[in-house]
Amino acid sequence: MVSRRKMAIAIGVMVVTLVALVAASMGGASTKAARNHTLITGGKQWGTVNGYNVYNGQYATGAVGLVYETLMRYDPLTDKYIPWLATSAGFSGKTYTITVRSGIKWSDGSALTAADVAYTLNLGQYATASWHTLWAKTGGATASGDNVTMTFTGTPNYQEFQNAIWNIPIVQKAQWSAGVHSASDVTTFLADPTKVPIGTGPYTLDHSGTGDGTVKVEYSRKDSWWATSIGEPMPQPLVIDDLVNSSNNIALGLVIHGDEDLNNNYLPGITKLLSSGYGIVTYFSKPPYNLAANTAWLVPNTKRAPMNNASFRRALAYAINVNQVVVGDYGNLVQKADSTGLLSVWKKYINTSLTKKYGFKYSPSKAVSILKSAGFKKKGKWFVQPNGKSIKLGLIVPQGWSDWMTAINMMSADFRKVGINVTASYPANFFTLRNAGKFDLLIDNSAQISDTPWTYYNYMFNQPILSQQTFANFGRYTNNTAWGLSKALNAVPVHSTAAMNKVISKIQKITLTQMPLIPLWYNGVWAQMNNTVWTNWPAGASSRHYFPCMWNGYFQMTAIDTIANVKAK
Amino acid sequence: MTRSDQKHDGLATGASTAAVASGAAGGAAVDVPSPKVRTINRRFEFLYFAIRNNKLILGLSIVIICFLIAIIGPLLAKYSPFQYTTSYWSPPSSRHWFGTTQDGRDVYAQFAAGMRSAFLIGTIGGVIASVVAMLVGFTAGYRAGIVDEILSMVTNIFLVIPAFAVLLVIAGFLHNVSIPVEGLLVGLLSWPWAARALRAQTFSLVARDFIGMARLSAQNSWRIIFREIAPNMSSYLFMMFILLFGGAILISATIDFIGLGPQFTFTLGKMMNEAQTNSGLLLGMWWWFIPPGIAITAIVGGLYIMNVGLDEVFNPRLREM
Amino acid sequence: MRRYFARKLLTYSLTFIAAVTVDWAIPRLMPGNPIDDLLARIGTRCNTREQCDAISSYFYNVFGLHKPLWVQYLTFWKALFQGNLGISVMSFPEPVSTLIKNAIPYTLGLLVPAILLSFWAGNKVGALAARRKILDNTVLPLSYTLTATPYQWLAMVLAWTFAVTWRFFPISGGYDPLRTPSWSFGFAGDLLYHWFLPFASLFLVQFGGWAIGMRNMIIYELESDYAHYLEALGAPRKLVRKYAYRNALLPQISGLALAIGAIVGGALVTEIVFGYPGVGSLILSAINNKDYFAIQGIFLFIIVGVLIANFIVDIMYVIIDPRTRIGMQGGS
């Protein structure tokens, strides 16, 4: 009997210890936020919230947009720049002048000044800032009165600079200058979920709600927001909770149950649920359901044979049945890409006479005839190179990216059908292989929607080729004409559409005939919204043409308008 | 690690009971038959009781049915497991017996291929683990002394380190595990309990007269082990293999479920992984995730039940009265 | 007694050293350089080459990968004793130890009650079922089915039935995200509400195993000489069963020690199914994000946890079985 009592005691002690452990890890005191004042979002944050350093690319959802704001915004759907913290910003000669809006207050009560703006832009002196190379071409930013000026020493990089202006979040000089003394500080300062950022946006970080950042990041609305003075509605949600993602599957559960109002995960089954009474809506009620965010490209490694042969690359393009991927893999959630690969927001830059002449479409027989006329011969089942060497290629995507995994299975079957021996695989070290150029074919979508196709061409042709390609030109395509043209495009002022088109047409002829990259489909701005608690979501069929998206970079496009316009049911 | 690790090591301490009772593992309880009754009579007796043991018959039938599905199933499939058809999300029909996945692949074809993988990995994992367990267990038990000390320490170390965690780290770094590699890894990590039990068995056998006689006649150690010791434990070894076999299926299902399994072969664990990651649950696609689970439960459960049946056959005391 | 524990501690220390060495060696033995991959991943999150370079030099410094292997090995140990498991890639610049610390309470809260309650209930029910025809015929098949069920599958079936189809329970999470953790009944209730399904699926699978084990052990005991002898002496059946239970419990406890590794594995996949914010979900995101430092850190953490649990079971064994105090003094 003694033994049993002892065992009971042992178990009892363990249970008590455990309860204490769990309880101790919680702590703090707060109440449950009212659901009809709380907007719950999700889909951007994977893993613990990484804090509020807005320059390291991994900041908490909404840190730029809800807390920090940019000088300008850009609306890709209307192709207009929206003056934001600046009332005006633009080039005159080689000098870029920014007029800082007056009457804007930081969340600590102090006023936003030109000195804050100049301080922020001058963070570009540190190599870790993303605009460092741009900054180095100027004499730095100087503030005088409400104006901040930056003067280029040579020809300004108009396109690149304008793009940077609406993407650099403005930080408070007082807070940041106290903590930033070196290049590494620029990307690590405030990178901790327990630190409090000071911003100009409509929301402030709720410290107790966010806690250690393992579950969510929580923002509470300020009493006033400067942007109401320029006609922006005051956002209705008093609290915004952005939940940490654990899986797409769980996100779908939250959306179905109305526990998440806006979700930006890729949820493959969502179209099945639109009409099943859960109150779920998407931007379009019909295919492709979402706005386009970027182009998925097939990247051939042009340093390897036969991918160094433009005819071979062209044959690849004809061999792929993209529609099968669009329908079978994505359930129509994406759209087939244009032959130029440019997103539909850049329609005015697409030279249709060129695409008519050189554009490609799915045609296995055309693929075969291109190969044959380029000297490729069939040896049994497979094509061999003109020099008689066999062709055996690998097509890769990252392990775990299920939509792309399915896509390359379909695509490799297409290639094999025309006699090109391609095998699909999903290496865990995909990014190493991609950056080092150790691959035959892969899919990539690193270049995102922006205000200028220059970002796409920079991504395609960037020179010089290094041993590690970290953000552009993974196919290691060397074409000095094309690279020269994209530099020339960068040197065209932003609003001169005609001058831009002249350069872009020349580039397009190269992309269409040389096919350094093969455009496949447009990945969507995945967004599923639930009408149960909040309504008035952006929709193609309404006047609310905004991005319903919390991803980095989308707030300063139009996502902040989404937040400002949602209404409680 | 599988639940078969729970096999307790009663014999390791010299065991007052002659039997190793099973742990929660599934329950096999095994006994070393006395050498004296290893006669022709005994074999008839075995058969007599075997065909009358309901558990053995039931377990064996389940396993045989599953095995037949694994052999014949893939031949009947109308599609390849990786083939994309144009019917997406469809429930079971005459065209797709087990329905299709969200991207139009035939669930039955995946299931049949998964059954084959399960038996393959069970065999590879089971054989490798049994071989290692026999080498370590026999050597430690027969040699005793310092060899035993070292081998026991190694066994104890492997016993405590969760195989699951080691597999996780290895598979996390290996870029593509094939079924044989996965089986090898599982086998190399799941032998310790069996080795420990074998060592104890060997200990108690070595103490008996007939082994002593063999030793006196200066026979080669391995000859004694394989001629005298192993045959006396054949039933025990067989049951041990069954548990290791089932265990390998369960461990690999866990690894595959996390997404660290083979990429180019379908396994039952991979099916569950795909159903889970593609929201099969929320979309009500029961035909996708129910079959692989039932199959694993049937194979492993069948093996466990068979094991208890065998135990009752080998060990008269346990027979139902 | 002292020798027994000294021996156990030696085993555990060697196990720990082996585990740390394996953990240190695996990334270095594997084909390719995981640091490259890590940098490439981080590279996708920096906009310029300069930014990528700054981050990569940071990582090379942190992990000292240019140093000779033996220095790296010693550094690894040193860092370990300082509680430094490296910096997470997916949650850069958060330390891995912080991630683990946040996840532990959930995993323990799931594991410990599931292990204790299933052990207790399984043994009781198994003992009751032994040699009782009707009970045996129901408990035994049920237990075999449960114990052969993969953890993740039972979790999926429960989630599908009770959270998707009937919506009795939430499908995921550790608590309602609208709530802020606090010392209140409301929050505690919410925790329990989210805890129940993952707990139930862990409990059920283990329950089956313990019930079968105990049922078989009791039958062995009841058929043993001492039981027959007691019965021949006219001892009541109840008393005999009681002795049998006491004796049968000991091997079950050693079984528990051996089972801990497997149960932890089960808990991890169960967490994954329910998106329960414990170590299992953390492992999944570490794997999906190729966060090698997190994978390594979690591995070590699991090993240490299993070692501690084993040690607790060892102590329990000694407390419950006075014989071991004598028996174990002799060593093996």
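Below is a summary of the structure that appears in this document. Values in this document were obtained by computation on a predicted structure and should not be read as measured data. (Residues numbered from 1 in each chain as written. Chains lettered and ligands numbered in written order. Predicted model: local features only at pLDDT ≥ 70, side-chain atom pairs only at ≥ 80, totals over all residues.)

Looking at the sheet that holds strand β16 (residues 335-336) of chain A
All names here are of chain A.
- Strands sit in the order β16-β22-β15-β21-β19-β20 across an open sheet of 6 strands; the sheet is mixed. The open sheet has two free edges, formed respectively by β16 and β20 (422-425), since each of these has just one partner strand.
- Where strand β15 (residues 292-300) lies against strand β21 (residues 441-444), 4 bridges are found, and the strand directions are antiparallel. Looking across to β21, one finds that Val299 is bridged to Leu442.
- Seen against the sheet, helix α14 (residues 402-418) touches β19 (393-396), β20 and β21 and runs at an angle of roughly 170° to β20. (Pairing = 2+ DSSP bridges. Helix = DSSP H or I, 4+ residues; strand = E, 2+ residues; numbered from the N terminus. Contact = placed C-beta atoms within 7 Å. Axes fitted to C-alpha atoms, helices over the stretch in contact; angles between N-to-C directions.)

Side note on the nonpolar core
- Leu71(A), Leu167(B), Ala159(C) and Ile298(C) are the most contacted members of the largest nonpolar core, which totals 368 residues.
- Counting residues per element, this core draws most heavily on helix α3 (residues 107-143) of chain B, which supplies 20 residues.
- Once you skip the residues sitting within four places of it in the chain, Ala159(C) turns out to touch Leu281(B), Val164(C), Ile171(C), Leu197(C), Val273(C) and Phe274(C). (Core = buried A, V, L, I, M, F, W, Y, C linked by C-beta atoms within 7 Å. Buried ≥ 20, exposed ≤ 12 C-beta atoms within 10 Å, placed from the backbone.)

Some details on helix α4 (residues 158-165) of chain A
- Within α4(A), 8 of the 8 residues are buried, which leaves it mostly tucked inside the rest of the structure.
- Listing the buried residues of α4(A) in full gives Tyr158(A), Gln159(A), Glu160(A), Phe161(A), Gln162(A), Asn163(A), Ala164(A) and Ile165(A).

Concerning the sheet that holds strand β6 (residues 95-100) of chain A
Residue and element names in this part refer to chain A.
- Strands sit in the order β5-β6-β8-β7 across an open sheet of 4 strands; the sheet is antiparallel. Two strands bound the open sheet, and with one partner strand each, they are β5 (86-92) and β7 (138-144). When strand polarity is set aside, the average angle formed by the axes of neighbouring strands in this sheet is 15°.
- Here β5 runs beside β6; their pairing, made up of 6 bridges, is antiparallel. Each bridged residue has a counterpart across the sheet, and for Ala86 the counterpart in β6 is Val100.
- Strands β6, β7 and β8 (147-152) of the sheet are contacted by helix α2 (residues 114-122), whose axis makes an angle of about 165° with β7.

Notes on the interface of chain A and chain B
- Taken residue by residue, the interface counts 22 residues in chain A and 17 residues in chain B.
- Elements with a minimum of two residues in the side of chain A that touches chain B: α8 (248-256), α11 (322-329) and α14 of chain A.
- In terms of residue class, the side of chain A that touches chain B is built from 7 nonpolar, 13 polar and 2 charged. (Nonpolar A, V, L, I, M, F, W, Y, C, P; charged D, E, K, R; others polar.)

Points about helix α1 (residues 2-29) of chain C
- Taking 1.5 Å per residue as the helical rise, α1(C) with its 28 residues ought to reach 40 Å, and the 39 Å between its terminal C-alpha atoms agrees with that figure.
- Every buried residue belonging to α1(C) is among Thr11(C), Tyr12(C), Thr15(C), Ala19(C), Asp23(C), Ile26(C) and Pro27(C), and all of these are buried. (Expected span 1.5 Å × (residues − 1).)

Some details on the pairing of β20(A)
Residues and elements named next belong to chain A.
- Where burial is concerned, the two faces of β20 differ: the one with Val422 and Ala424 is buried and the one with Thr423 and Ser425 is not.
- As judged from the 4 bridges shared by β19 and β20, these two strands associate in the parallel manner. Bridge pairing in β20 places Gly394 opposite Thr423.
- As a crossover connection, the stretch from β19 through α14 into β20 is right-handed. (Right-handed = clockwise from strand over helix to strand, strands pointing away.)

With respect to the packing of helix α10 (residues 237-274) of chain C against helix α12 (residues 292-320) of chain C
Residue and element names in this part refer to chain C.
- As a packed pair, α10 and α12 sit with axes 9 Å apart at the nearest point and diverge in direction by 165°. As summarised for this structure, α10 and α12 are arranged roughly antiparallel, according to the angle between their axes. Taken as a pair, α10 and α12 cross one another with a handedness that is right-handed. Listed contacts from α12 to Ile253, Ser254, Leu256, Ala257, Ile260, Gly261 and Val264 of α10 are Ile302, Gly305, Val306, Ala309, Asn310, Val313, Asp314, Met316, Tyr317 and Ile320. (Parallel < 35°, antiparallel > 145°, perpendicular 65-115°, else oblique. Left-handed = near helix turned anticlockwise from the far one by under 90°.)

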